[in-house]
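Breakdown of the fold
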Amino acid sequence: MTEALIAGVGIHPFGSFEDKPAEDIGLEAVSQALADAGIEYKHVEAAYCASMYAPATSGPRILNNLGMTGIPVADVEAACASGAVAIRQAFMSIVSGLYDCVLAFGIEKMPKGFMDPSQIYEPWQVDMGLSQNPMYWALMARRYMEDCGLTPLHLAKVSVKNHRFGAENPNAMYRKPFSVEEVLTSKMVCDPLTLYMVASPSQGAAAAVVCSPRFAKKNGVREPVRIAASEHRTSMHPWFRAPAFSWSTREDNPAVTEVAAGNAYERAGLGPKDLDVAEMQDTDSLSEIMFSEQIGLAPAGEGLRLIDEGATDAGGSTPVNTSGGILSCGEPVGASHLRQIHEITSQLRGRAGSRQVPDAKVGLAHVLGAGGNSAVTILTR
């Protein structure tokens, strides 16, 4: 098996672009990635387009603007982990030796307001009021308050950190820093989560060109970044959706992120202590704390310490969500993980500007979405 390298990345800013067709948004990200890799579209042998809300065959319709070359183009979906599936398909295509150059990209134009519950839930669940994400996030936060000593201040500190990073990211949807007081006193969404502690759906696109070392050498790829691992798993038990349709008969039921991260570390030959920077699912402030534990930055129940000590902030041992995370960028679900890949690649290349983590060599990107879909990608230079 060969290695898989990221040859180029591209991104369309995240935000609201009501008058801009999804095809144009996707095309901009793809064109940037190709230009960053220093190649033409004719070099691409296969492509995977991630989306959840985009129409069928969005991938071919976007890429046809670059020429109809006859390559396989597949649309893929796994809720918030959709972009991770696209990058994993590209990764597997390269390491297996099937192709030498593959494109992974994600595109989404999310509707305003909460995500359409009919995409995930049964009609009776929607009718019973079981379909709005902030309710589940708030319930988990309340459980953390009871079990681990979580306070609203911890939640506010995550939001303040991520919005501070987001203010420095030209591709973020929200580029305004907030104080702790502003976060705590913003409109209550679902107790204890206030408006600035939860993410918003958004629109945008991101792309990555993935290639073999042979292709990189032949085509003069300037700054390749290695994909050390790309893992995707689904939960073995109901995560936070209720009521459950079934329950696992396994004796061990670790969190799906813990499983995905563990497999990624094993494949990469690395561990949590090797990480210089990470992008994590932060659809709400608690999520970052919870997932920092599940990827191994802190023992279970001790993620609060990372926030209190500044370990995940700029200058900390492992800065988290230097892009501003989902709290600042919003979440166009098909593009979200590829946005993380764009940020980690930029960090490893030393191109993150004022958000740059000094001498970053190892970065991790993590997502988790409906259906218990969790994915972890580890990049190295």
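Here is a short report on the structure shown in this document. (Residues numbered from 1 in each chain as written. Predicted model: local features only at pLDDT ≥ 70, side-chain atom pairs only at ≥ 80, totals over all residues. Heavy atoms only, no water.)

**Here's the deal with the sheet that holds strand E4 (residues 101-109)**
Strand order in the open sheet made by the nine strands is E3-E2-E4-E7-E1-E8-E11-E10-E9, with mixed pairing throughout. With partners counted over all chains shown, the strands left at the sheet margins are strand E3 (73-76) and strand E9 (277-279), one partner each. This sheet shows a mean twist of 20° between the axes of neighbouring strands, independent of strand direction. Where E4 meets strand E7 (residues 203-211), nine bridges bridge the pair, whose relative direction is antiparallel. From the neighbouring strand, Val102 faces E7, where its bridge partner is Val210. (Pairing = 2+ DSSP bridges. Helix = DSSP H or I, 4+ residues; strand = E, 2+ residues; numbered from the N terminus. Axes fitted to C-alpha atoms, helices over the stretch in contact; angles between N-to-C directions.)

**Examining a nonpolar patch on the surface**
Where nonpolar side chains cluster on the molecular surface, the patch consists of Phe114, Val189 and Leu195 and spans about 260 Å² of accessible area. With respect to the secondary-structure elements, Leu195 resides in the loop between strand E6 (193-194) and E7. According to the relative accessible area criterion, Leu195 is partly exposed, its value standing at 42%. (Patch = residues over 30% accessible without salt bridge, like charges linked within 9 Å, V, L, I, M, F, W, Y side chains within 5 Å. Areas by Shrake-Rupley, 256 points an atom, 1.4 Å probe, with all protein chains shown as cover. Salt bridge = Lys/Arg side-chain N within 4 Å of Asp/Glu carboxyl O. Buried < 20%, exposed > 50% of the residue type's maximum accessible area, 1.4 Å probe, protein only.)

**As for the nonpolar core**
Counting 47 residues, the largest nonpolar core has Leu150, Leu286, Ile295, Leu364 and Ile378 as its most contacted members. Residues within four places of Ile295 in sequence aside, it is in contact with Thr257, Ala261, Tyr265, Pro272, Leu275, Met280 and Leu364. (Core = buried A, V, L, I, M, F, W, Y, C linked by side-chain atoms within 4.5 Å. Contact = heavy atoms within 4.5 Å.)

**Things to note about the environment of Val160**
With respect to the element layout, Val160 can be found in helix H6 (residues 152-166). The buried category is assigned to Val160, whose relative accessible area is 13%. For the pair formed by Val160 and Ala46, sequence separation is 114 residues and the distance between their alpha carbons is 41 Å. Once residues lying within four places of it in the same chain are set aside, the contact partners of Val160 are Phe178, Ser179, Val180 and Val183.

**Observations regarding the environment of Val225**
Relative to the assigned elements, Val225 resides in strand E8 (residues 225-234). Once the C-alpha coordinates of Val225 and Pro111 are considered, the two residues, 114 residues apart in sequence, prove to be 34 Å apart. In contact with Val225, not counting residues within four places along its chain, are Ala4, Leu5, Ile6, Thr345, Leu348, Arg349, Leu379 and Thr380.

**A closer look at the environment of Asp100**
Here Asp100 lies in the loop between helix H3 (82-95) and E4. For the pair formed by Asp100 and Tyr41, sequence separation is 59 residues and the distance between their alpha carbons is 13 Å. A distance of 2.8 Å separates the side chain of Asp100 from the side chain of Ser212, its partner in a polar contact. (Polar contact = N/O pair within 3.5 Å; in protein donor to acceptor, adjacent residues only side chain to side chain.)

**Comments concerning the side chain of Asp313**
Mapped onto the elements of the fold, Asp313 is located in the loop between helix H11 (303-309) and helix H12 (325-329). Residue Asp313 is classed as buried on the basis of its relative accessible area, which comes to 18%.

**Examining the side chain of Asn373**
As for its placement among the helices and strands, Asn373 is situated in strand E11 (residues 373-380). A residue is classified by how much of its surface remains accessible, and Asn373, at 11% relative accessible area, is buried. Separated by 2.9 Å, the side chain of Asn373 and the backbone oxygen of Ala370 make a polar contact.

**A few points about unusual backbone geometry**
Across the junction of Asp191 and Pro192, the peptide omega takes the value 15°, indicating a cis bond. Residue position: Pro192 is located in the loop between strand E5 (188-190) and E6. Backbone geometry at Asn321 places phi at a positive 60°, although glycine is not the residue there. Within the secondary structure layout, Asn321 lies in the loop between H11 and H12. Despite not being glycine, Asp359 has its phi angle at roughly 55°, a positive value. On the secondary structure map, Asp359 appears in the loop between helix H13 (333-349) and strand E10 (362-369). Asp359 gets classed as exposed once you look at its relative accessible area, which sits at 51%.

**Section: the pattern of salt bridges**
Summed over the entire model, instances satisfying the criterion amount to 19 salt bridges. We note a salt bridge from Arg164 to Asp313, for which the minimum N-O separation is 2.9 Å. Here Arg164, found in helix H6, pairs with Asp313, found in the loop between H11 and H12; they are 149 residues apart in sequence, far enough to count as distant. Taking relative accessible area as the criterion, Arg164 reaches 39% and is therefore assigned partly exposed. Asp359 serves as the salt-bridge partner of Arg381, at 2.7 Å between the closest nitrogen and oxygen. On the criterion of sequence distance, the pair formed by Arg381 in the segment after E11 and Asp359 in the loop between H13 and E10 is long-range, its members being 22 residues apart.

**Quick notes on the packing of aromatic side chains**
Counting across every chain of the model gives one aromatic pair. Residues Phe178 and Tyr196 carry aromatic rings whose centres are separated by 4.0 Å and whose planes lie at 15° to one another, so their mutual orientation is stacked. With Phe178 in the loop between H6 and helix H7 (180-185) and Tyr196 in the loop between E6 and E7, this pair connects stretches of sequence that are 18 residues apart. Judged by its relative accessible area of 25%, Tyr196 is partly exposed. (Phe/Tyr/Trp six-rings, centres within 6.5 Å; stacked < 30°, edge-to-face > 60°.)

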